[in-house]
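A look at the structure
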Amino acid sequence: MELPAPVGTDAPDASGAVTLFVCTTCRMPGVPDGPPAGEALAQAARAAPGAAGVQVKPVRCLANCKRGLTAAIVRDGGWTYVFGDLAPDAAPDLLAGAALFAGSSDGLMPWRGRPDSLKRGMIARVPPLSFCEDQK
């Protein structure tokens with residue numbers, strides 16, 4: 001049974017398109033004042049050359065405050081990846097990871113070729129709703 005998309009969101013498509021969610025409320029550790037660095041990261045991701053095939057969506061709080069800056073990369077039928085400890089200039093790394101993920105045939109983001117910040121900063125990998133334990 002397929003669940004409808006929540007009101008006010010775009011339904012995922014089956015083309016392998018990737019969505020990058022960037023937390024806009026994240027602040028750099030030890031920098032409590034000024035505009036959140038997450039907002040700048042989201043804007044940089046939207047403006048980056050590799051963003052053409054990736055839907056970049058700003059989101060308020062991904063609840064990973066102790067390891068911010070935070071982003072999540074999602075693909076219909078694929079796993080969801082949550083990354084933290086990102087630098088303000090991590091937009092190219094996020095888009096490189098999104099491109100690897102979009103080209104994956106198994107719904108997993110390949111480890112090989114993944115930028116180092118996405119190797120070190122991986123917080124979680126969440127299976128798709130269609131996942132069953134028998135899948136390898």
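In short, a report on the structure. (Residues numbered from 1 in each chain as written. Predicted model: local features only at pLDDT ≥ 70, side-chain atom pairs only at ≥ 80, totals over all residues. Heavy atoms only, no water.)

**Thoughts on the overall build of the chain**
Tallying secondary structure elements over the chain gives 3 helices and 5 strands in all. Mapped from its N terminus to its C terminus, the chain presents α and β elements in the order β-α-β-β-β-α-α-β. With 136 residues in all, the chain has 36% of them scored as buried. In the chain, the share of contacts with a sequence separation of at least 24, taken over all contacts with a separation of at least 6, comes to 62%. (Helix = DSSP H or I, 4+ residues; strand = E, 2+ residues; numbered from the N terminus. Buried < 20%, exposed > 50% of the residue type's maximum accessible area, 1.4 Å probe, protein only. Contact = heavy atoms within 4.5 Å.)

**Here's the deal with the pattern of salt bridges**
Counted under the stated rule, the structure contains 1 salt bridge. Taking the shortest distance from any N to any O, the salt bridge between R67 and D85 comes out at 2.6 Å. Highlighted residues: R67 in the loop between β2 (54-59) and β3 (71-75) and D85 in the loop between β4 (80-83) and α2 (91-102), separated in sequence by 18 residues. With a relative accessible area of 30%, R67 lands in the partly exposed category. (Salt bridge = Lys/Arg side-chain N within 4 Å of Asp/Glu carboxyl O.)

**Observations concerning the pairing of strand β1 (residues 18-23)**
Of all the 6 residues making up β1, 5 are buried; the element is thus mostly covered by neighbouring parts of the structure. In the sheet, β1 pairs with β3 via 5 bridges, with the strands oriented antiparallel. What sits directly across from T19, in β3, is V74. (Pairing = 2+ DSSP bridges.)

**With respect to α2**
For α2, built from 12 residues, the straight-helix expectation of 16 Å at 1.5 Å per residue is met to within 8% by its first-to-last C-alpha distance of 16 Å. Listed in full, the buried residues belonging to α2 are A91, L94, L95, G97, A98 and F101. Considered in projection along α2, the buried side chains sweep an arc of 160° and stay on one side of the axis. (Expected span 1.5 Å × (residues − 1). Arc of directions from axis to C-beta.)

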